[in-house]
Amino acid sequence: MTRLYRWAMLPPPLEVAHVPSVKGGPVSHGVCLLRPIRTVRAARSAPFESLGTLLSSHRAVTRVAAAALSFTLIIAFSQQTATTQAGPEPAPLVPESLLPQSIGVGIVTDAGVTVSFETPMDPESVESSLQVLPAAKVTLTWNDDHTELTVAPQRLWRTDERYLIVVPASAEREDGEPLRAAQRFAFSTQTAPTVSEFQVRLVSADLEVDAPATPVAQELATDGISTVPAPGSHAPTSTATEVSATSAIRVGFTAAMDRPDTEAHFSINPTVEGDVAWEGNTLVFRPSERLEAGSRYTISVIGAHDLTGNVLGGKANFSFIVQEGAQLTRTTPDTDATDVEPESVEMWFSAPMDIEATNEAFALTDTSTGALVGGLLDWNEAATQLVYRPDVAFAGGRTFEVKLDGARDADGNEVDLTWSFSTTAP
(Lines give C-alpha, C1' and ligand atoms only; values in the text may rest on other atoms or scores of the structure.)
Protein backbone atom coordinates (compact mmCIF):
# COMPACT_ATOMS: atom_id res chain seq x y z
CA MET A 1 0.00 0.00 0.00
CA THR A 2 1.23 3.38 -0.88
CA ARG A 3 1.82 5.66 2.11
CA LEU A 4 0.80 9.27 1.88
CA TYR A 5 2.34 12.16 3.88
CA ARG A 6 0.82 15.61 4.55
CA TRP A 7 2.71 18.66 5.66
CA ALA A 8 1.28 20.25 8.79
CA MET A 9 2.94 23.63 9.54
CA LEU A 10 2.35 24.70 13.14
CA PRO A 11 2.54 28.40 14.06
CA PRO A 12 5.31 29.29 16.49
CA PRO A 13 4.25 30.47 19.98
CA LEU A 14 4.73 34.08 21.04
CA GLU A 15 7.36 33.10 23.52
CA VAL A 16 10.17 30.51 23.15
CA ALA A 17 9.45 27.65 25.50
CA HIS A 18 10.21 23.97 25.76
CA VAL A 19 7.56 21.88 24.04
CA PRO A 20 7.01 18.30 25.25
CA SER A 21 7.96 15.62 22.79
CA VAL A 22 5.38 13.92 20.62
CA LYS A 23 5.48 10.21 21.16
CA GLY A 24 8.62 10.45 23.24
CA GLY A 25 10.76 12.71 21.05
CA PRO A 26 11.38 16.46 21.10
CA VAL A 27 9.72 18.58 18.48
CA SER A 28 11.04 21.99 17.39
CA HIS A 29 8.67 24.88 16.94
CA GLY A 30 7.64 25.47 13.38
CA VAL A 31 9.00 22.05 12.20
CA CYS A 32 6.86 19.88 9.97
CA LEU A 33 5.58 16.72 11.55
CA LEU A 34 5.58 13.65 9.30
CA ARG A 35 3.31 10.85 10.24
CA PRO A 36 2.43 7.81 8.21
CA ILE A 37 -1.10 7.94 6.79
CA ARG A 38 -2.55 4.72 5.66
CA THR A 39 -5.77 5.89 4.07
CA VAL A 40 -6.98 8.88 2.21
CA ARG A 41 -9.60 9.55 4.84
CA ALA A 42 -6.98 9.44 7.47
CA ALA A 43 -4.87 11.79 5.46
CA ARG A 44 -7.65 14.37 5.36
CA SER A 45 -8.07 14.35 9.10
CA ALA A 46 -4.40 14.18 9.96
CA PRO A 47 -3.66 17.93 10.05
CA PHE A 48 -6.49 18.65 12.45
CA GLU A 49 -5.60 15.79 14.67
CA SER A 50 -1.98 16.77 14.91
CA LEU A 51 -2.93 20.45 15.47
CA GLY A 52 -5.38 19.51 18.21
CA THR A 53 -2.76 17.37 19.92
CA LEU A 54 -0.25 20.20 19.83
CA LEU A 55 -2.75 22.81 21.08
CA SER A 56 -3.74 20.48 23.87
CA SER A 57 -0.16 20.08 24.95
CA HIS A 58 0.48 23.85 24.62
CA ARG A 59 -2.74 25.00 26.33
CA ALA A 60 -1.07 26.66 29.30
CA VAL A 61 1.50 28.42 27.14
CA THR A 62 -1.21 29.65 24.76
CA ARG A 63 -3.27 31.17 27.60
CA VAL A 64 -0.28 33.05 28.97
CA ALA A 65 0.62 34.27 25.49
CA ALA A 66 -2.96 35.46 24.82
CA ALA A 67 -3.07 37.33 28.11
CA ALA A 68 0.27 38.96 27.35
CA LEU A 69 -0.95 39.98 23.92
CA SER A 70 -4.12 41.53 25.39
CA PHE A 71 -2.13 43.42 28.02
CA THR A 72 0.25 44.70 25.32
CA LEU A 73 -2.66 45.96 23.22
CA ILE A 74 -4.20 47.74 26.23
CA ILE A 75 -0.92 49.53 27.00
CA ALA A 76 -0.53 50.52 23.35
CA PHE A 77 -4.03 52.01 23.21
CA SER A 78 -3.47 53.79 26.54
CA GLN A 79 -0.24 55.36 25.29
CA GLN A 80 -1.92 56.40 22.09
CA THR A 81 -4.75 58.05 24.06
CA ALA A 82 -2.31 59.78 26.38
CA THR A 83 -0.29 61.04 23.42
CA THR A 84 -3.45 62.42 21.83
CA GLN A 85 -4.49 64.23 25.00
CA ALA A 86 -1.04 65.75 25.52
CA GLY A 87 -0.99 67.34 22.10
CA PRO A 88 -1.20 71.18 21.67
CA GLU A 89 -4.66 72.68 22.11
CA PRO A 90 -5.92 75.36 19.75
CA ALA A 91 -5.71 78.90 21.22
CA PRO A 92 -9.13 80.22 22.35
CA LEU A 93 -10.57 83.16 20.49
CA VAL A 94 -10.18 86.42 22.40
CA PRO A 95 -13.28 88.60 22.00
CA GLU A 96 -12.76 92.23 21.11
CA SER A 97 -12.94 94.51 24.17
CA LEU A 98 -15.87 96.91 24.26
CA LEU A 99 -14.11 99.21 26.75
CA PRO A 100 -12.66 102.38 25.24
CA GLN A 101 -8.94 103.09 25.36
CA SER A 102 -8.07 105.78 27.92
CA ILE A 103 -6.07 108.66 26.44
CA GLY A 104 -6.08 111.11 29.33
CA VAL A 105 -7.25 111.98 32.85
CA GLY A 106 -7.84 115.50 34.14
CA ILE A 107 -7.27 117.07 30.72
CA VAL A 108 -7.12 120.87 30.83
CA THR A 109 -10.31 122.20 29.29
CA ASP A 110 -8.56 124.16 26.53
CA ALA A 111 -6.15 121.33 25.57
CA GLY A 112 -6.44 118.74 22.78
CA VAL A 113 -6.15 114.95 23.01
CA THR A 114 -4.39 112.66 20.51
CA VAL A 115 -5.64 109.30 19.20
CA SER A 116 -3.29 106.87 17.41
CA PHE A 117 -3.90 104.36 14.62
CA GLU A 118 -1.83 101.28 13.69
CA THR A 119 -1.81 102.19 10.01
CA PRO A 120 -2.11 105.46 8.07
CA MET A 121 -5.72 106.56 7.76
CA ASP A 122 -7.74 108.39 5.15
CA PRO A 123 -8.32 111.77 6.89
CA GLU A 124 -11.49 112.63 4.98
CA SER A 125 -13.08 109.27 5.80
CA VAL A 126 -12.22 109.51 9.49
CA GLU A 127 -13.27 113.14 9.92
CA SER A 128 -16.62 112.59 8.22
CA SER A 129 -17.55 109.70 10.52
CA LEU A 130 -15.85 110.59 13.81
CA GLN A 131 -18.11 111.15 16.84
CA VAL A 132 -17.44 113.05 20.09
CA LEU A 133 -19.79 112.29 22.99
CA PRO A 134 -21.16 114.37 24.61
CA ALA A 135 -21.33 116.50 21.51
CA ALA A 136 -18.74 119.25 21.26
CA LYS A 137 -17.40 121.47 18.51
CA VAL A 138 -13.84 120.38 17.84
CA THR A 139 -10.85 121.08 15.62
CA LEU A 140 -9.07 118.08 14.01
CA THR A 141 -5.35 118.02 13.19
CA TRP A 142 -3.28 115.16 11.67
CA ASN A 143 0.41 114.37 11.84
CA ASP A 144 2.38 113.96 8.60
CA ASP A 145 1.85 110.21 8.08
CA HIS A 146 -1.82 110.30 9.15
CA THR A 147 -1.36 107.88 12.07
CA GLU A 148 -2.19 110.37 14.82
CA LEU A 149 -5.23 112.63 15.08
CA THR A 150 -5.43 115.49 17.59
CA VAL A 151 -8.93 116.47 18.73
CA ALA A 152 -9.11 119.92 20.36
CA PRO A 153 -12.14 121.92 21.53
CA GLN A 154 -13.02 125.02 19.54
CA ARG A 155 -13.54 126.77 22.88
CA LEU A 156 -13.40 124.65 26.06
CA TRP A 157 -14.26 121.13 27.15
CA ARG A 158 -16.73 120.91 30.00
CA THR A 159 -15.20 120.56 33.45
CA ASP A 160 -15.66 117.31 35.41
CA GLU A 161 -16.75 115.52 32.21
CA ARG A 162 -15.89 112.16 30.64
CA TYR A 163 -15.71 112.28 26.83
CA LEU A 164 -15.83 109.42 24.31
CA ILE A 165 -14.32 109.61 20.81
CA VAL A 166 -15.62 106.96 18.38
CA VAL A 167 -14.06 106.08 15.01
CA PRO A 168 -16.54 103.66 13.37
CA ALA A 169 -15.54 100.50 11.49
CA SER A 170 -16.61 102.13 8.23
CA ALA A 171 -13.73 104.63 8.45
CA GLU A 172 -11.13 103.82 5.80
CA ARG A 173 -7.41 103.43 5.96
CA GLU A 174 -5.12 105.13 3.51
CA ASP A 175 -5.16 102.04 1.23
CA GLY A 176 -8.96 102.19 1.02
CA GLU A 177 -9.61 99.25 3.33
CA PRO A 178 -12.08 99.84 6.18
CA LEU A 179 -11.13 99.35 9.81
CA ARG A 180 -11.72 95.84 11.15
CA ALA A 181 -13.70 97.19 14.10
CA ALA A 182 -14.76 100.50 15.58
CA GLN A 183 -12.16 102.21 17.77
CA ARG A 184 -13.16 104.04 20.95
CA PHE A 185 -11.08 106.48 23.00
CA ALA A 186 -12.03 108.04 26.35
CA PHE A 187 -10.68 110.90 28.47
CA SER A 188 -11.81 112.98 31.45
CA THR A 189 -11.40 116.71 32.02
CA GLN A 190 -10.16 118.73 34.97
CA THR A 191 -12.40 119.59 37.89
CA ALA A 192 -14.01 123.01 38.10
CA PRO A 193 -12.40 125.68 40.30
CA THR A 194 -14.08 126.00 43.67
CA VAL A 195 -13.99 128.19 46.75
CA SER A 196 -11.49 126.68 49.19
CA GLU A 197 -11.75 129.26 51.96
CA PHE A 198 -14.30 131.71 53.30
CA GLN A 199 -13.36 133.67 56.40
CA VAL A 200 -14.49 136.80 58.18
CA ARG A 201 -11.73 138.35 60.31
CA LEU A 202 -11.08 141.43 62.38
CA VAL A 203 -9.31 144.41 60.82
CA SER A 204 -8.42 147.78 62.19
CA ALA A 205 -6.36 150.12 60.08
CA ASP A 206 -8.75 150.96 57.25
CA LEU A 207 -11.99 151.38 59.16
CA GLU A 208 -13.34 154.65 60.44
CA VAL A 209 -13.56 153.19 63.96
CA ASP A 210 -10.47 151.25 65.00
CA ALA A 211 -10.79 148.01 66.89
CA PRO A 212 -10.85 148.66 70.65
CA ALA A 213 -7.58 148.53 72.51
CA THR A 214 -8.35 145.57 74.77
CA PRO A 215 -5.76 142.80 75.18
CA VAL A 216 -7.88 140.49 73.04
CA ALA A 217 -8.43 143.12 70.38
CA GLN A 218 -4.76 144.04 70.25
CA GLU A 219 -3.82 140.45 69.56
CA LEU A 220 -6.33 140.05 66.74
CA ALA A 221 -6.37 143.51 65.18
CA THR A 222 -3.03 143.78 63.42
CA ASP A 223 -2.13 145.73 60.30
CA GLY A 224 -4.18 144.51 57.36
CA ILE A 225 -5.73 141.06 57.70
CA SER A 226 -5.25 139.27 60.99
CA THR A 227 -2.98 136.25 60.87
CA VAL A 228 -4.16 135.04 64.28
CA PRO A 229 -7.27 132.79 64.26
CA ALA A 230 -10.13 135.00 65.32
CA PRO A 231 -13.59 134.23 66.73
CA GLY A 232 -14.99 135.61 63.47
CA SER A 233 -13.03 133.17 61.27
CA HIS A 234 -15.18 130.45 59.72
CA ALA A 235 -14.83 127.68 57.15
CA PRO A 236 -16.81 127.78 53.86
CA THR A 237 -19.16 125.01 55.01
CA SER A 238 -20.57 126.89 58.02
CA THR A 239 -22.54 130.07 58.54
CA ALA A 240 -20.44 132.57 60.46
CA THR A 241 -22.20 133.95 63.53
CA GLU A 242 -21.28 136.68 65.98
CA VAL A 243 -18.94 138.26 63.46
CA SER A 244 -17.23 141.48 64.42
CA ALA A 245 -18.58 144.66 62.92
CA THR A 246 -14.98 145.57 62.06
CA SER A 247 -14.24 142.64 59.78
CA ALA A 248 -12.73 141.82 56.42
CA ILE A 249 -13.99 139.03 54.16
CA ARG A 250 -11.57 136.52 52.61
CA VAL A 251 -12.55 134.21 49.74
CA GLY A 252 -9.92 131.69 48.63
CA PHE A 253 -10.02 129.67 45.38
CA THR A 254 -8.49 126.36 44.25
CA ALA A 255 -7.23 127.86 40.96
CA ALA A 256 -5.85 131.13 39.68
CA MET A 257 -8.86 133.28 38.95
CA ASP A 258 -9.59 135.90 36.32
CA ARG A 259 -9.33 138.76 38.79
CA PRO A 260 -11.34 141.44 36.97
CA ASP A 261 -14.06 138.91 36.20
CA THR A 262 -14.12 137.65 39.80
CA GLU A 263 -14.28 141.18 41.21
CA ALA A 264 -17.17 141.93 38.86
CA HIS A 265 -19.05 138.89 40.18
CA PHE A 266 -18.29 139.66 43.84
CA SER A 267 -21.23 141.07 45.77
CA ILE A 268 -22.17 141.75 49.40
CA ASN A 269 -25.76 142.24 50.48
CA PRO A 270 -26.75 144.53 52.15
CA THR A 271 -24.40 146.72 50.15
CA VAL A 272 -21.24 147.86 51.90
CA GLU A 273 -18.61 150.15 50.51
CA GLY A 274 -15.09 148.78 50.57
CA ASP A 275 -11.92 147.83 48.72
CA VAL A 276 -10.98 144.57 47.00
CA ALA A 277 -7.41 143.25 47.05
CA TRP A 278 -5.73 139.92 46.21
CA GLU A 279 -3.37 137.69 48.16
CA GLY A 280 -2.38 134.95 45.73
CA ASN A 281 -5.60 133.09 44.88
CA THR A 282 -7.51 134.77 47.73
CA LEU A 283 -9.80 137.76 47.29
CA VAL A 284 -9.92 140.11 50.30
CA PHE A 285 -12.77 142.59 50.77
CA ARG A 286 -12.16 145.24 53.41
CA PRO A 287 -15.21 147.36 54.27
CA SER A 288 -14.63 151.08 54.56
CA GLU A 289 -17.43 151.35 57.13
CA ARG A 290 -18.58 149.34 60.11
CA LEU A 291 -20.94 146.47 59.51
CA GLU A 292 -24.30 146.83 61.18
CA ALA A 293 -24.61 144.95 64.46
CA GLY A 294 -27.21 142.18 64.38
CA SER A 295 -27.48 142.21 60.56
CA ARG A 296 -27.07 139.22 58.26
CA TYR A 297 -24.79 139.67 55.21
CA THR A 298 -24.50 137.49 52.13
CA ILE A 299 -21.34 137.17 50.01
CA SER A 300 -21.48 135.79 46.46
CA VAL A 301 -18.96 135.04 43.69
CA ILE A 302 -21.33 132.96 41.57
CA GLY A 303 -20.42 133.04 37.87
CA ALA A 304 -16.76 133.95 38.34
CA HIS A 305 -14.21 132.33 35.97
CA ASP A 306 -10.65 131.14 36.37
CA LEU A 307 -7.82 132.15 34.03
CA THR A 308 -8.65 129.29 31.65
CA GLY A 309 -12.25 130.44 31.42
CA ASN A 310 -13.85 127.69 33.52
CA VAL A 311 -16.83 128.86 35.52
CA LEU A 312 -16.65 128.50 39.29
CA GLY A 313 -18.22 125.31 40.59
CA GLY A 314 -19.48 124.15 43.97
CA LYS A 315 -20.83 126.45 46.67
CA ALA A 316 -20.12 130.08 45.76
CA ASN A 317 -22.30 132.10 48.15
CA PHE A 318 -21.96 132.43 51.91
CA SER A 319 -23.55 134.35 54.75
CA PHE A 320 -22.61 135.59 58.19
CA ILE A 321 -24.28 137.42 61.04
CA VAL A 322 -22.74 140.41 62.81
CA GLN A 323 -22.93 140.07 66.55
CA GLU A 324 -25.16 142.34 68.56
CA GLY A 325 -23.61 145.05 70.71
CA ALA A 326 -22.90 144.25 74.35
CA GLN A 327 -25.95 144.29 76.60
CA LEU A 328 -26.25 145.17 80.30
CA THR A 329 -27.26 141.88 81.93
CA ARG A 330 -27.17 142.60 85.67
CA THR A 331 -26.71 145.44 88.17
CA THR A 332 -26.12 145.91 91.87
CA PRO A 333 -28.27 147.44 93.24
CA ASP A 334 -31.00 146.15 90.95
CA THR A 335 -32.32 148.52 88.35
CA ASP A 336 -34.94 150.86 89.86
CA ALA A 337 -34.30 149.40 93.30
CA THR A 338 -35.52 151.46 96.31
CA ASP A 339 -34.62 151.67 99.95
CA VAL A 340 -31.09 150.29 99.48
CA GLU A 341 -27.79 151.14 101.15
CA PRO A 342 -25.13 150.06 98.65
CA GLU A 343 -21.44 150.44 99.24
CA SER A 344 -20.69 150.26 95.50
CA VAL A 345 -22.32 150.07 92.10
CA GLU A 346 -21.69 146.99 89.88
CA MET A 347 -22.56 146.37 86.24
CA TRP A 348 -22.23 143.11 84.21
CA PHE A 349 -22.16 143.07 80.40
CA SER A 350 -22.89 140.29 77.90
CA ALA A 351 -19.62 140.92 76.02
CA PRO A 352 -16.21 142.47 76.73
CA MET A 353 -16.26 146.23 76.83
CA ASP A 354 -13.88 148.89 75.58
CA ILE A 355 -12.58 149.86 79.01
CA GLU A 356 -11.22 153.26 78.09
CA ALA A 357 -14.30 154.35 76.13
CA THR A 358 -16.64 153.09 78.83
CA ASN A 359 -14.76 154.82 81.64
CA GLU A 360 -15.07 158.11 79.78
CA ALA A 361 -18.78 157.55 79.18
CA PHE A 362 -19.60 156.59 82.80
CA ALA A 363 -21.45 159.08 84.97
CA LEU A 364 -23.18 158.66 88.36
CA THR A 365 -25.34 161.63 89.32
CA ASP A 366 -27.23 162.62 92.49
CA THR A 367 -30.53 163.61 90.91
CA SER A 368 -31.47 165.72 93.93
CA THR A 369 -28.57 168.09 93.41
CA GLY A 370 -27.47 167.25 89.86
CA ALA A 371 -23.95 166.76 91.12
CA LEU A 372 -21.67 163.99 89.94
CA VAL A 373 -20.57 161.48 92.55
CA GLY A 374 -16.84 160.97 92.57
CA GLY A 375 -15.34 157.53 92.89
CA LEU A 376 -13.09 154.80 91.42
CA LEU A 377 -13.85 152.50 88.49
CA ASP A 378 -12.50 148.94 88.49
CA TRP A 379 -12.80 146.09 85.91
CA ASN A 380 -12.36 142.33 85.93
CA GLU A 381 -9.84 140.71 83.56
CA ALA A 382 -12.50 139.76 81.01
CA ALA A 383 -13.69 143.39 80.79
CA THR A 384 -17.25 142.23 81.39
CA GLN A 385 -17.76 143.58 84.97
CA LEU A 386 -17.47 147.21 86.06
CA VAL A 387 -17.35 148.13 89.79
CA TYR A 388 -17.75 151.73 90.93
CA ARG A 389 -16.75 152.62 94.49
CA PRO A 390 -17.77 156.18 95.58
CA ASP A 391 -15.33 158.35 97.45
CA VAL A 392 -17.94 158.86 100.19
CA ALA A 393 -20.99 156.83 101.20
CA PHE A 394 -24.17 157.41 99.27
CA ALA A 395 -26.43 159.95 100.95
CA GLY A 396 -29.67 158.59 102.35
CA GLY A 397 -33.05 159.33 100.87
CA ARG A 398 -31.62 160.19 97.45
CA THR A 399 -32.07 158.88 93.91
CA PHE A 400 -28.94 158.18 91.91
CA GLU A 401 -28.73 157.80 88.13
CA VAL A 402 -26.08 155.72 86.32
CA LYS A 403 -25.51 156.63 82.71
CA LEU A 404 -23.27 155.38 79.86
CA ASP A 405 -23.28 157.90 77.02
CA GLY A 406 -20.97 156.92 74.14
CA ALA A 407 -19.56 153.73 75.68
CA ARG A 408 -18.42 150.97 73.32
CA ASP A 409 -17.99 147.26 73.60
CA ALA A 410 -14.78 145.52 72.60
CA ASP A 411 -16.07 145.18 69.03
CA GLY A 412 -16.69 148.90 68.79
CA ASN A 413 -20.46 148.78 69.01
CA GLU A 414 -21.95 151.75 70.87
CA VAL A 415 -23.51 150.99 74.22
CA ASP A 416 -25.81 153.74 75.59
CA LEU A 417 -27.91 153.06 78.69
CA THR A 418 -29.37 154.68 81.80
CA TRP A 419 -30.64 153.15 85.06
CA SER A 420 -31.25 154.35 88.67
CA PHE A 421 -31.76 153.33 92.28
CA SER A 422 -32.88 155.06 95.53
CA THR A 423 -31.22 154.90 98.95
CA THR A 424 -32.87 154.43 102.32
CA ALA A 425 -34.05 157.64 103.98
CA PRO A 426 -32.05 158.72 107.08
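Everything numeric here is computed off the predicted structure, so don't read it as measured data.

A. Region of interest: the sheet that holds strand β6 (residues 162-167). Across the sheet, 4 strands lie side by side as β1-β7-β6-β3; this open sheet has mixed pairing. Each having just a single partner strand, β1 (101-102) and β3 (131-133) make up the two edges of the open sheet. Bridge count between β1 and strand β7 (residues 183-188): 2 bridges; the pairing is parallel. Bridging from a neighbouring strand, S102 pairs with A186 of β7.

B. View of the confidence of the model for the protein chain. Considering every residue of the protein chain, the mean pLDDT works out to 78; 69% of them sit at 70 or more. Considering only residues more than four positions removed or in separate chains, one finds that residues 81-86, a stretch of pLDDT under 50, has 0 contacts.

C. Region of interest: the side chain of S300. Inspection of the secondary structure puts S300 in strand β14 (residues 296-300). Note on S300: relative accessible area 15%, which makes it buried. Looking at S300, its side chain comes within polar contact range of the main-chain nitrogen of I302, at 3.3 Å. Apart from residues lying up to four places away in sequence, S300 is in contact with H265, F266, S267, A316 and N317.

D. Spotlight on the pattern of salt bridges. Evaluated as defined, the whole model comprises 6 salt bridges. Of the charged contacts, one joins D354 and R408 as a salt bridge, the two residues approaching to 3.5 Å between their closest N and O atoms. Placement of D354 in the loop between β18 (345-349) and α6 (355-361) and of R408 in strand β23 (residues 399-408) is noted, with a sequence separation of 54 residues between them. Classification of D354 by relative accessible area gives buried; the value is 7%. Take R408: its relative accessible area is 29%, and that puts it in the partly exposed class. Residue R389 is joined to D378 by a salt bridge in which the shortest nitrogen-to-oxygen separation is 3.9 Å. Residue R389 is found in strand β22 (residues 385-390), and its partner D378 is found in strand β21 (residues 375-379); the two are separated by 11 residues along the sequence. Residue D378 is classed as partly exposed on the basis of its relative accessible area of 38%.

E. Expanded view of the nonpolar core. With 26 residues, the main nonpolar core has F198, I249, V251, F253, I299, V301 and F320 as its most contacted residues. Every element with two or more residues in this core is listed here: β8 (195-202), β9 (240-243), β10 (247-253), β13 (282-287), β14 and β15 (317-322). Formed by 23 residues, the second largest nonpolar core is a distinct cluster that contains A337, V402, L404 and A407.

F. Local environment of the environment of V200. Structurally, the position occupied by V200 is in strand β8. The spatial distance from the C-alpha of V200 to the C-alpha of T241 is 9.8 Å, given a sequence separation of 41 residues.

Reading the values: the criteria
- Residues numbered from 1 in each chain as written.
- Predicted model: local features only at pLDDT ≥ 70, side-chain atom pairs only at ≥ 80, totals over all residues.
- Heavy atoms only, no water.
- Pairing = 2+ DSSP bridges.
- Helix = DSSP H or I, 4+ residues; strand = E, 2+ residues; numbered from the N terminus.
- pLDDT = per-residue confidence, 0-100.
- Contact = heavy atoms within 4.5 Å.
- Buried < 20%, exposed > 50% of the residue type's maximum accessible area, 1.4 Å probe, protein only.
- Polar contact = N/O pair within 3.5 Å; in protein donor to acceptor, adjacent residues only side chain to side chain.
- Salt bridge = Lys/Arg side-chain N within 4 Å of Asp/Glu carboxyl O.
- Core = buried A, V, L, I, M, F, W, Y, C linked by side-chain atoms within 4.5 Å.

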